[in-house]
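Here is what each chain is made of, one letter per residue.
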Number of protein chains: 2
Amino acid sequence: MTDNRVEEKVAVQSEESRSQSRRAFLKGSAAVAGGVLFTKAASADYDPKKAVAPYAGEKEITEPLQDGPWRKRLGFGVRRYPYGVPSPYEKDVQRRTLEWLTPDSMASITMTPIQSLHGIITPNGLHFERFHGGAADIDPKTHRLVIHGLVERPLIFTVDDLKRFPSISRIHFIECPANGAMEWKGVQLNSVQWTHGMMSCVEYTGVRLSDLLKEAGIKLDKARWIIPEGADASGMSRSIPLEIAMDDCFVAYAQNGEALRREQGYPIRLVVPGCEANMWVKYLRRIKVTDVPLQHREETSKYTELMPDGTAQRFSWYMEPNSVITYPSPDYRMQGPGKYYVRGLAWSGRGKVAHVDVSFDGGKNWHEAHFTSPVLDKAWTRFEIEWDWDGSEAFLMSRVTDETGYVQPPMPQMRAVEGTNNVYHRTAMVTWRVHAWDSKNGGLIENVQY
Amino acid sequence: MTDNRVEEKVAVQSEESRSQSRRAFLKGSAAVAGGVLFTKAASADYDPKKAVAPYAGEKEITEPLQDGPWRKRLGFGVRRYPYGVPSPYEKDVQRRTLEWLTPDSMASITMTPIQSLHGIITPNGLHFERFHGGAADIDPKTHRLVIHGLVERPLIFTVDDLKRFPSISRIHFIECPANGAMEWKGVQLNSVQWTHGMMSCVEYTGVRLSDLLKEAGIKLDKARWIIPEGADASGMSRSIPLEIAMDDCFVAYAQNGEALRREQGYPIRLVVPGCEANMWVKYLRRIKVTDVPLQHREETSKYTELMPDGTAQRFSWYMEPNSVITYPSPDYRMQGPGKYYVRGLAWSGRGKVAHVDVSFDGGKNWHEAHFTSPVLDKAWTRFEIEWDWDGSEAFLMSRVTDETGYVQPPMPQMRAVEGTNNVYHRTAMVTWRVHAWDSKNGGLIENVQY
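Bear in mind that the values here come from a model prediction, so they are computed numbers and not experimental data.

About the thresholds
- For every chain, the first residue of the written sequence is number 1, and numbering continues from 1 onward in sequence order.
- Going through the entries in the order they are written, you letter the chains from A and number the ligands from 1.
- Given that the model is predicted, a residue must reach a pLDDT of at least 70 before its local features are reported, and side-chain atom pairs must reach 80 or more before they are shown or counted; all residues, however, enter totals for whole chains, interfaces and linings.
- Each side-chain value is worked out from all heavy atoms of the structure, with water and hydrogens disregarded.
- Secondary structure follows DSSP: runs of H or I at least 4 residues long count as helices, runs of E at least 2 residues long count as strands, and numbering of each begins at the N terminus.
- In what follows, residue pairs with any heavy atoms lying within 4.5 Å of each other are defined as contacts.
- Calculation of accessible area relied on Shrake-Rupley with a 1.4 Å probe; when residues are assessed, cover is drawn exclusively from the protein chains displayed.
- Only protein chains enter the accessibility calculation, which uses a 1.4 Å probe. A residue is then buried if its area is under 20% of the maximum for its type, exposed if over 50%, and partly exposed in between.
- Superposing copies: least-squares fit, C-alpha atoms only, residues required to have pLDDT of at least 70 in both.
- For two strands to be treated as a pair, DSSP must find at least two bridges joining them.
- UniProt positions are given in the numbering used here, feature names are shortened, and annotations may be inferred rather than shown by experiment.
- Each reported salt bridge corresponds to a side-chain nitrogen of Lys or Arg within 4 Å of a carboxyl oxygen of Asp or Glu.
- Nitrogen and oxygen atoms within 3.5 Å of one another constitute a polar contact, given that in protein one can donate a hydrogen and the other can accept it, and given that sequence-neighbouring residues count only through two side-chain atoms.
- Put simply, Ala, Val, Leu, Ile, Met, Phe, Trp, Tyr, Cys and Pro go in the nonpolar bin, Asp, Glu, Lys and Arg in the charged bin, and everything else, Gly too, in the polar bin.
- Here a cavity is any set of points on a 1 Å grid over the protein atoms alone where a 1.4 Å probe fits but cannot get out, and a pocket is any open set with protein on both sides within 12 Å along at least 5 of 7 lines; a residue lines the site when it has an atom within 4 Å of a point.
- Grid points are joined across faces, edges and corners, and a volume is the space filled by probe spheres set on the points.
- Delimitation of the domains relies on an automatic or database domain assignment.
- Throughout, buried area stands for the accessible area (probe radius 1.4 Å) lost by two parts on being put together, summed over both.

**Observations regarding the overall build of chain A**
Next up, step 1: A tally of regular secondary structure across chain A gives eight helices and 24 strands.
Next up, step 2: Partitioning the contacts of chain A with sequence separation of at least 6, the portion at a separation of at least 24 is 71%.
Next up, step 3: Within the structure as shown, chain A displays about 15700 Å² of accessible surface, and the carbon and sulfur contribution to it stands at 52%.

Listed below in structure tokens is the structure:
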């Protein structure tokens with residue numbers, strides 16, 4: 001039942017790996033000492049007598065390691081949590097909202113605690129929320145998706161129907177265009193959860209929208225727009241140009257491997273990579289193909305940009321390149337002069353992040369950071385840079401450049417173009433002021449316009 | 001405060017994007033019609049009169065779309081779940097254990113429902129569990145990591161100390177070497193949760209072990225092994241050769257962006273990419289650098305492979321390339337003859353997955369699948385392949401080849417090398433028997449040796 005290629009490979013490979021293991025088993029240390037990596041470790045720049053890692057704050061052992069109580073008793077068993085929860089010691093890491101920001105909780109938002117996140121994946125439990133009529137609790141068995149309008153065959157799909165189409169899994173950021181809105185007016189909130197927390201980054205799985213539109217026989221000679229609509233009380237809908245719809249959009253039924261969460265549109269939502277979150281219609285129930293855009297309240301009264309000349313600009317679909325330093329940030333206090341690893345997030349709705357520069361002196365001098373995570377298309381990218389803080393006042397800023405060459409502007413620059421009326425798409429740099437260590441505010445970090 | 005490069009770029013870029021938006025705003029459809037992607041969509045192979053997507057099971061609309069009750073009432077508000085939970089309709093997607101598999105829940109395992117997962121990320125709540133003394137509930141403030149033995153400076157670290165070192169974020173699979181153990185004896189369990197669920201794949205963030213060892217001044221002239229030890233009741237420890245320790249290992253404090261879960265070793269665990277899970281010591285409290293391996297019970301009585309000649313083989317560190325078809329699988333029933341997209345997971349402890357072949361006839365003929373997720377080093381890779389099922393009996397198998405050229409063996413092949421005593425590292429192919437549609441078992445899918 002197997003071809004020769006397999007049998008040879010298997011024979012060779014298993015012989016190899018087995019004998020390797022045996023070598024290690026029989027004359028372990030010698031074999032290991034000869035290892036390639038051992039040589040690498042012993043590279044010229046390494047002197048065991050010197051501390052080589054950059055942070056020398058840790059202490060030498062003065063007494064034996066103490067046993068904790070968990071050493072002397074059994075923990076909890078495997079049937080305790082069929083679906084796991086975070087440690088109680090992490091209870092402060094949660095989604096939060098500003099009570100004064102919205103009149104009620106049904107048309108409101110909570111923000112992701114990005115000051116506490118690591119890497120580029122947001123756990124589903126901490127994904128930011130934006131509701132227009134509360135989060136619907138939909139029975140997936142009864143939910144349907146209809147595609148109609150300028151198509152040959154108006155179609156209706158169950159969620160199971162959609163799972164039988166070819167699938168795609170991609171890690172993308174999703175961001176509300178109002179992220180950072182308060183900074184427009186100079187409201188300086190001292191947490192990155194408030195300044196940049198209206199976004200998250202997860203892995204979505206679903207079916208390409210172009211496959212569904214073609215299945216319905218979309219009439220490409222007349223069709224110019226699609227109008228997706230939600231099944232919830234708000235009936236959210238937006239006008240999306242066909243060129244975006246036929247590009248990399250998909251109808252997602254999963255986030256981070258499991259079913260979508262209700263807060264994110266369970267059982268299905270539209271994914272519009274790189275574009276503002278309100279286009280990613282949740283509880284998706286209908287897609288109408290049209291030749292003209294809808295004039296929906298969400299693209300007239302809301303999600304439009306009031307320009308200096310008094311005209312309202314619609315259809316700023318893409319989220320421009322943006323970045324923020326998450327540590328040190330106003331959520332933390334400096335722990336004294338010394339070595340720090342400055343960390344943050346960079347992302348672009350136009351593609352991949354190309355590079356990130358960091359300034360410690362409010363933009364006078366810039367230093368290129370390196371990436372500590374995979375660099376993916378239209379996804380968060382985690383950057384890091386070494387900083388020797390001498391304890392004097394400092395102004396931390398990050399500036400992203402994406403693969404299109406767009407460079408993140410400073411705030412005065414953006415204000416000069418946008419004026420003072422707009423509350424959306426504020427993608428300018430922010431500045432964290434680090435107070436001098438010897439001042440009465442030693443270690444304090446503040447959000448300031450710069 | 002800004003250099004000219006910024007100002008120019010900003011000026012140009014914002015002018016561009018603004019005017020683009022205005023064009024769309026003023027003469028929207030025309031502008032869009034001229035879009036590059038519109039041309040792509042209208043490619044020769046597309047005829048709106050024909051259904052082009054492969055699954056034609058959906059129905060044309062015969063009546064207007066019905067409103068669900070969630071259309072007529074508000075959902076729940078934003079302060080309901082500071083930390084979110086899955087929809088109640090997903091309650092059957094959970095970690096499970098076989099009651100008869102272990103004597104009690106403190107030294108036991110639960111398996112990830114991989115039949116229900118999508119993409120390559122496992123949500124933290126569904127990460128498989130393997131406890132040797134229950135899951136410890138450690139206070140991170142009091143937890144310490146000690147590095148001692150063949151080093152110049154024995155050191156002790158708090159969890160905060162570790163976070164001040166350079167960080168690294170990587171998506172890796174973790175797998176218990178007993179995954180698939182029951183298949184060795186021909187126990188044919190009809191769920192991929194039982195046959196392959198002792199594994200998960202998440203994004204880890206932490207500090208490189210090589211940085212910590214160098215910080216302690218590891219004596220590379222004498223050091224050959226490290227002995228990590230857990231702070232929990234089981235005091236799990238393993239011998240790890242220095243060449244692996246100095247390679248891509250790291251001490252992780254985060255999984256999928258948030259703090260490690262208690263079930264996975266909160267507050268810190270060792271990450272040993274590509275190697276068997278018991279080496280990834282949880283609740284890590286101590287690393288001793290030695291010149292000889294430990295003779296711990298977990299590498300003598302357990303996690304050794306009893307070979308045909310009666311000798312016990314230790315130190316089979318790496319998880320060899322492996323793959324499994326998760327849909328259709330014994331967890332599902334076929335829904336009648338027609339088009340299916342066969343999906344599964346492939347992974348290798350030796351590096352990246354190169355390609356995956358799928359057979360519908362028990363290995364007589366093979367067809368190359370394509371990948372629907374990013375392809376990352378030592379991480380799950382999601383594959384998919386189109387299948388026109390004519391309703392007759394079929395035998396589904398997947399076969400991975402990794403970048404080292406290793407080809408996953410069929411079971412008889414592996415048994416010929418390994419014999420019948422071993423219960424670990426069973427990475428051979430499995431076979432799903434699809435019953436003929438017209439038989440009394442129409443749609444049934446069974447796990448069979450083949």
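**Side note on the side chain of Thr-427 of chain A**
Residue and element names in this part refer to chain A.
Next up, step 1: Among the secondary structure elements, Thr-427 is positioned in the loop between helix H8 (411–418) and strand E23 (431–434).
Next up, step 2: For Thr-427, a relative accessible area of 2% translates into the label buried.
Next up, step 3: If near-sequence neighbours (up to four positions away) are discounted, Thr-427 is found in contact with Glu-320, Pro-321, Asn-322, Tyr-406, Gln-408, Pro-409 and Met-414.

**Some points on the relation of the copies chain B and chain A**
Next up, step 1: For the match of chain B to chain A, the screw axis carries a shift of 0.0 Å, the RMSD comes to 0.0 Å, and the turn is 180°. Such a turn and shift between the copies fits a two-fold axis. Across chain B, the smallest distance between a C-alpha and the rotation axis is recorded for Pro-123 of chain B, namely 3.6 Å.
Next up, step 2: Most of the interface of chain B is mirrored in chain A: 100% of its interface residues are interface residues there too.

**Concerning the sheet that holds strand E22 (residues 394–402) of chain B**
All names here are of chain B.
Next up, step 1: Spatially, E19-E18-E22-E23-E24 is the arrangement adopted by the five strands of the open sheet, whose pairing is antiparallel. A single partner strand is all that each edge strand has here, and the edge strands are strand E19 (367–368) and strand E24 (445–448).
Next up, step 2: The pairing of E22 with strand E23 (residues 431–434) spans three bridges and is classified as antiparallel. Looking at E23, one finds that Phe-395 is bridged to Arg-433.

**Side note on the UniProt feature "domain: Moybdenum cofactor oxidoreductase dimerisation" (unreviewed entry) in chain A**
Next up, step 1: When the UniProt feature table is mapped onto this chain, "domain: Moybdenum cofactor oxidoreductase dimerisation" (unreviewed entry) is found at residues 317–429 of chain A.
Next up, step 2: Note that residues 317–429 of chain A is 7% helix and 40% strand, and that its end C-alpha atoms are spaced 20 Å apart.

**A few points about the interface of chain B and chain A**
Next up, step 1: Across the boundary between the two partners, chain B contributes 189 residues, which contact 189 residues of chain A.
Next up, step 2: Our count for the contact surface shared by chain B and chain A stands at eight salt bridges.
Next up, step 3: Between the two partners, chain B and chain A, sit 62 residue pairs in polar contact (both at pLDDT 80 or more).
Next up, step 4: With 18 residues, the top contributor of residues to the side of chain B that touches chain A is helix H1 (residues 4–33) of chain B.
Next up, step 5: Residue classes in the side of chain B that touches chain A are distributed as 86 nonpolar, 48 polar and 55 charged.

**Some remarks on the layout of surface pockets**
Next up, step 1: In this structure, the largest pocket encloses a volume near 1300 Å³.
Next up, step 2: Around the largest pocket sit 47 residues that line it, and Glu-90, Ser-116 and Tyr-332 of chain A together with Asp-160 and Lys-163 of chain B are the ones nearest its centre.
Next up, step 3: Looking at the lining of the largest pocket, the elements that each hand over two or more residues are strand E16 (322–327) of chain A together with helix H3 (159–163) and strand E11 (258–259) of chain B.
Next up, step 4: Broken down by element, the residue count for the lining of the largest pocket peaks at three residues, all from H3 of chain B.
Next up, step 5: Class assignment for the residues of the lining of the largest pocket results in 18 nonpolar, 13 polar and 16 charged.
Next up, step 6: The volume enclosed by the second largest pocket comes to roughly 1100 Å³.
Next up, step 7: Contributing to the lining of the second largest pocket are 36 residues, with Asp-160 and Lys-163 of chain A together with Ser-116, His-118 and Tyr-332 of chain B lying nearest its centre.
Next up, step 8: Contributions of two or more residues to the lining of the second largest pocket are made by helix H3 (159–163) and strand E11 (258–259) of chain A together with strand E16 (322–327) of chain B.
Next up, step 9: The leading source of residues in the lining of the second largest pocket is H3 of chain A, at three residues.
Next up, step 10: Among the residues making up the lining of the second largest pocket, the classes are represented as 13 nonpolar, 10 polar and 13 charged.

**Quick look at the sheet that holds strand E19 (residues 367–368) of chain A**
Next up, step 1: Sheet architecture is open: five strands sit in the order E19-E18-E22-E23-E24 (chain A), paired in antiparallel fashion. Strands with a single pairing partner mark the edges of an open sheet, and in this sheet they are E19 and strand E24 (445–448) of chain A.

**Considering the UniProt feature "domain: Oxidoreductase molybdopterin-binding" (unreviewed entry) in chain A**
Next up, step 1: Within the UniProt annotation, "domain: Oxidoreductase molybdopterin-binding" (unreviewed entry) is assigned to residues 132–294 of chain A.
Next up, step 2: The span residues 132–294 of chain A shows a helical share of 15% and a strand share of 32%, and its end C-alpha atoms are spaced 18 Å apart.

**Some thoughts on the pairing of E22 of chain B**
All names here are of chain B.
Next up, step 1: Among the nine residues of E22, nine are classified as buried, and the element is accordingly described as predominantly covered.
Next up, step 2: Burial of E22 is two-sided: the residues Ala-394, Leu-396, Ser-398, Val-400 and Asp-402 facing one way and the residues Phe-395, Met-397, Arg-399 and Thr-401 facing the other way are all buried.
Next up, step 3: Bridge analysis of strand E18 (residues 353–359) against E22 gives six bridges, and the strand direction is antiparallel. Bridge pairing in E22 places Val-353 opposite Asp-402.

**Structural notes on unusual backbone geometry**
Next up, step 1: That bond from Tyr-266 of chain A to Pro-267 of chain A is cis: its omega, 10°, falls within 30 degrees of zero.
Next up, step 2: Within the fold, Pro-267 of chain A resides in the loop between E11 and strand E12 (269–271).
Next up, step 3: At the junction of Tyr-327 of chain B and Pro-328 of chain B, the peptide bond is cis and its omega measures out at -5° in the coordinates.
Next up, step 4: Structurally, the position occupied by Pro-328 of chain B is in the loop between E16 and strand E17 (338–347).
Next up, step 5: Positive phi, close to 60°, is recorded for Phe-315 of chain A, a residue that is not glycine.
Next up, step 6: Relative to the helices and strands, Phe-315 of chain A resides in the loop between strand E15 (312–313) and E16.

**Comments concerning the pattern of salt bridges**
All names here are of chain A.
Next up, step 1: In this structure the tally under the stated criterion is 50 salt bridges over all chains.
Next up, step 2: A salt bridge links Glu-129 to Arg-95; its shortest N-O distance comes to 3.4 Å. A residue pair is termed long-range when its members are at least 10 positions apart, and Glu-129 in strand E3 (residues 129–130) and Arg-95 in the loop between strand E1 (59–60) and strand E2 (109–110) qualify at 34 residues.
Next up, step 3: Glu-129 sits in the buried class, given a relative accessible area of 0%.
Next up, step 4: Judged by its relative accessible area of 3%, Arg-95 is buried.

**So, the domain arrangement of chain A**
Residues and elements named next belong to chain A.
Next up, step 1: Here chain A is described as being made up of domain 1 (1–75), domain 2 (105–303) and domain 3 (322–448).
Next up, step 2: On a C-alpha basis, the centres of domain 2 and domain 3 stand 28 Å from each other.
Next up, step 3: Across the contact, 36 residues belong to domain 2 and 40 residues belong to domain 3.
Next up, step 4: Interface area, domain 2 with domain 3, both sides summed: about 3000 Å², of which 57% is carbon and sulfur.
Next up, step 5: At the junction of domain 2 with domain 3, the criterion picks out one salt bridge.
Next up, step 6: One salt bridge in this structure joins Asp-248 and Lys-378, with 2.9 Å as the shortest N-O distance.
Next up, step 7: If you look at where domain 2 meets domain 3, you find 20 residue pairs in polar contact (both at pLDDT 80 or more).
Next up, step 8: Elements with a minimum of two residues in the side of domain 2 that touches domain 3: strand E6 (168–175), helix H4 (181–184), helix H5 (192–196) and strand E7 (199–208).
Next up, step 9: The element that contributes the greatest number of residues to the side of domain 2 that touches domain 3 is E6, accounting for four residues.
Next up, step 10: Partitioning the side of domain 2 that touches domain 3 into residue classes produces 15 nonpolar, 15 polar and six charged.

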